[in-house]
Amino acid sequence: MAKAPKKLISVLITSLFLCFLLSYTLTHRIIDDIITPTGNDFEAFFYVFDPNDTDAEIDIDSCIYVGEGTVSEANDIFDDPESLSALITSAPDYSDLIGDNDYIEWNTLYTEDGEIYVIGLLLHDEEPINPDIEIADVFSDIIALKRSNLPEGSYVRTEGYYHAGDGGGATYIISSTTKKADNIFILELKNGLKAELDYDDEINVAQAGIQSGDYISDKFNELIAKAESYGIQTVRFNDGTYTLNKPISLKSLNYIGTGKTKLSVSENFQTGDDKIMYTYPDSLHSVYSLSFENIDFVINVSKSFSQINKEMIFVSLQEIDGCDIINCGFYAYPASTNGAFSKIDLLWFKHSSRIDNVNIDHCIFKNYTGKAYVGSPRDHLVGACIWICGSANTTDLPMNNISITNCEFVSTVSDETIAIWRGHYDQLTIDNCTFANTTQDCDNVIALYKGSFTNTNIDNCKFSLYSGCKFICKVTSLTGDSDVSFDNDTFNLNSGITDTSSRNINVFFTSADDSEGPGLCSANIDVSNCVVNSKNGTKYRSFLSIANTAGKTYNVTESNINTPLSSGLFVLNGSDNEVTVEESNINTSDILSTLDSVEDCRVIINNNTIENKLNNVVRSSADVDYEFTNNTCTSSVYGTQFVGSGLSSNDEIRLKNSNNIFTTNAKLYEYHGGNLKASDIIVKN
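Report on the accompanying structure. (Residues numbered from 1 in each chain as written. Predicted model: local features only at pLDDT ≥ 70, side-chain atom pairs only at ≥ 80, totals over all residues. Heavy atoms only, no water.)

### Re the side chain of serine 528
Applicable threshold: Counting from the N terminus, the helices are the DSSP runs of H or I reaching at least four residues and the strands are the DSSP runs of E reaching at least two. Burial classes: relative accessible area under 20% of the type maximum marks a residue as buried, over 50% as exposed, and values in between as partly exposed (1.4 Å probe, protein chains only). Definition of a polar contact: a pair of N or O atoms within 3.5 Å, with one able to donate and the other able to accept a hydrogen when the atoms are protein atoms, and with sequence-neighbouring residues admitted only if both atoms are side-chain atoms. A contact between two residues is defined here by any heavy atoms of the two lying within 4.5 Å.
Mapped onto the elements, serine 528 comes out in strand β38 (residues 523–528). Its relative accessible area of 15% is what places serine 528 among the buried residues. At a separation of 2.5 Å, a polar atom in the side chain of serine 528 contacts the side chain of aspartate 487. Among all residues touching serine 528, those that are not within four sequence positions of it are Phe486, Asp487, Asn488, Thr557 and Ser559.

In structure tokens form, the structure reads like this:
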């Protein structure tokens with residue numbers, strides 16, 4: 001069947017409608033008697049307000065009276081179409097009073113002087129009906145339509161699915177198709193003919209009988225499966241809360257809410273799996289392309305939650321080429337009554353051979369389930385905000401163009417807030433995001449590991465740590481050459497924790513390459529224009545650490561690092577590694593750096609302002625080029641450039657020490673350590 005074009009509404013229709021209603025009101029007798037229940041229902045006066053009248057306020061004096069109806073309860077309701085719709089048992093027939101493209105949304109009920117008033121808004125369909133189509137009849141709902149005996153070829157319109165104004169109004173064409181009726185795209189009439197939904201590329205869930213306040217999983221799975229087969233591209237939700245009681249098998253569609261749309265998980269959610277909403281490759285889908293916009297995904301966990309003993313994934317996406325998630329919220333809370341901790345992963349691009357062209361923008365991720373945990377803040381709690389990973393036992397599959405921007409993250413669990421692993425990731429961006437960790441110690445905030453990362457930028461982000469965090473940003477266990485940039489990031493260390501042995505270790509951390517990789521992997525990590533602030537006496541071990549690895553380079557420039565660090569600005573270990581610190585302000589308290597078993601390594605500390613003592617600990621073994629030049633050193637306390645421990649005369653520090661400025665003539669000793677002299681260790685360049 002050919003899809004019928006839509007009808008444009010004119011300003012004239014609306015104007016005629018308002019004039020008609022005004023005339024109708026002036027000639028209509030309003031009953032003055034106090035309303036009493038009719039059976040189990042209450043009589044009510046129904047009025048309509050035109051929101052296009054910007055000079056008027058929504059009150060009875062600026063509304064047009066349209067008739068009498070009944071409601072099941074007389075409690076006041078304001079600006080809540082979802083709740084009011086459930087109370088209206090009959091509404092006046094206003095179909096002859098409005099234009100073809102108009103409908104009324106009842107949203108307010110109140111009582112005054114013993115009378116009940118219902119007020120609705122005059123609204124207009126976004127896509128008007130084609131004026132060339134002659135509408136044969138208008139029905140209040142699909143039941144009325146199905147009872148009709150219309151001839152083939154007629155175009156008809158409904159004002160709702162269950163009742164007028166419920167958002168499910170649609171246009172249908174009457175045909176003799178042999179397609180089976182499904183009460184979505186095909187309705188069967190009393191005379192045996194069919195009413196086929198007139199659609200273009202989108203459908204509203206209300207047109208499939210899906211209303212907020214209901215369990216929707218069965219109907220929604222049916223809708224999106226059929227929508228995909230009918231060539232639909234977009235599924236739209238209305239305002240309100242839609243409850244998921246079973247898993248949702250997502251299709252390649254655009255899922256669009258209103259900004260007041262909420263998908264909530266039922267306490268009695270039933271599944272034998274670990275996914276709430278998911279994509280999974282099958283015979284029809286080797287790859288998915290989909291989007292979400294203006295939707296909140298919410299799970300409130302109580303002690304009675306049916307899946308409380310499992311790790312559950314709210315949205316699990318597999319095999320993706322194209323995914324936009326815009327202006328959405330992902331929330332896991334303990335329920336307000338009998339709240340409990342549960343292992344919840346909010347969004348996981350999981351075990352895929354392809355994850356390309358992902359854009360997550362202006363979203364909120366809050367995993368608050370740890371707030372209900374009763375135990376030590378050092379206990380490990382499973383859960384995440386965003387995880388992205390390739391297929392198991394693979395590390396080199398290309399993953400391209402992943403962007404996470406303008407998002408807010410809050411975590412009360414121990415796992416990584418964002419973890420990305422298994423794959424070769426190119427063009428990876430995390431920009432202008434905020435991160436807060438509270439309640440429970442965490443492993444990492446951002447972890448890039450078991451993969452390779454090129455053209456990767458983590459910029460303009462703010463990290464606020466109110467609990468312990470071992471490694472705030474981890475780039476480690478690499479399987480290929482990588483380049484990662486951190487620019488204009490701020491780290492606020494507020495936990496008050498001073499344990500640097502196991503709770504607060506490093507801001508940046510890189511360690512040994514992964515055994516699944518090809519061997520030695522080079523990595524260049526740039527840290528520029530970053531700020532580190534410490535409050536409440538919070539202490540970390542070091543700003544950055546390179547441990548038990550080779551071929552890694554850190555470049556720190558134009559940064560402000562003001563926090564006590566028990567092992568100094570950096571800890572360097574391994575071979576063929578390099579650390580450069582330039583044009584930065586540094587105050588780490590007693591130690592500038594620690595070199596631990598370094599071989600063929602390079603250190604450049606140039607053109608910085610250094611407020612702390614200039615002690616550098618060198619232990620176990622040393623083979624390093626060390627350049628300390630053009631620095632302004634403001635500490636008045638004597639320092640020792642190299643404090644050796646466990647060194648021998650076979651160790652060597654090739655030192656370039658020149659053009660430094662020392663405030664108040666403080667003296668810098670070059671070396672101290674056991675029975676060795678500076679000349680045994682230091683070679684001047």
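### Here's the deal with unusual backbone geometry
The bulk of non-glycine residues show a negative phi, and the bulk of peptide bonds are trans. Not every positive phi belongs to a glycine, and asparagine 529 is a case in point at roughly 55°. Position of asparagine 529 among the secondary structure elements: in the loop between β38 and β39 (531–534). At aspartate 576, a position not held by glycine, the phi torsion is positive, near 55°. Note on placement: aspartate 576 falls in the loop between β43 (570–575) and β44 (578–582).

### Some points on the sheet that holds strand β7 (residues 135–139)
The criterion, for reference: Only strands that DSSP links by at least two bridges are regarded as paired with each other. Every axis in this analysis is a line fitted to C-alpha atoms, fitted for helices over the stretch in contact. Angles between the N-to-C directions lie between 0 and 180 degrees.
The mixed open sheet is built from five strands, whose spatial order is β7-β8-β9-β11-β10. With partners counted over all chains shown, the strands left at the sheet margins are β7 and β10 (186–188), one partner each. Neighbour-to-neighbour, the strand axes of this sheet turn through a mean angle of 30°, independent of strand direction. Pairing of strand β9 (residues 170–175) with strand β11 (residues 194–197) involves four bridges; the strand directions are antiparallel. Each bridged residue has a counterpart across the sheet, and for isoleucine 173 the counterpart in β11 is glutamate 196.

### Details of the layout of surface pockets
Let me state the cut-off plainly: Of the grid points, spaced at 1 Å and generated over the protein atoms alone, those admitting a 1.4 Å probe that cannot get out make up cavities, while open sets with protein on both sides within 12 Å along at least five of seven lines make up pockets; any residue with an atom within 4 Å of a point is treated as lining. Grid points are joined across faces, edges and corners, and a volume is the space filled by probe spheres set on the points.
The volume enclosed by the second largest pocket comes to roughly 250 Å³. Lining the second largest pocket are 16 residues; nearest its centre among them are Ala91, Pro92, Ser140, His163 and Ala164. Only β4 (88–90) and β7 provide two or more residues apiece to the lining of the second largest pocket.

### Section: the packing of aromatic side chains
Here is the rule we go by: Centres within 6.5 Å are what make two rings of Phe, Tyr or Trp a pair, Trp counting through its six-membered ring; a difference in plane orientation under 30 degrees is then read as stacked, over 60 as edge-to-face, and the rest as tilted. In this scheme, Lys NZ or Arg CZ marks a charge over a ring once it lies within 6 Å of the ring centre and within 35 degrees of the ring normal.
One pass over the full model with this rule turns up 35 aromatic pairs. For the ring pair tyrosine 47 and tyrosine 117, a centre distance of 6.1 Å and an interplane angle of 50° mean the geometry is tilted. Note that tyrosine 47 is positioned in strand β2 (residues 41–49) and tyrosine 117 in strand β6 (residues 115–124), a separation of 70 residues in sequence. In this structure tyrosine 117 comes out as buried when scored by relative accessible area, which is 12%. Across the ring face of tryptophan 348, the terminal group of lysine 350 is positioned such that the distance to the ring centre comes to 4.6 Å. The ring of tyrosine 449 carries lysine 474 above its face, with NZ or CZ at 5.2 Å from the centroid.

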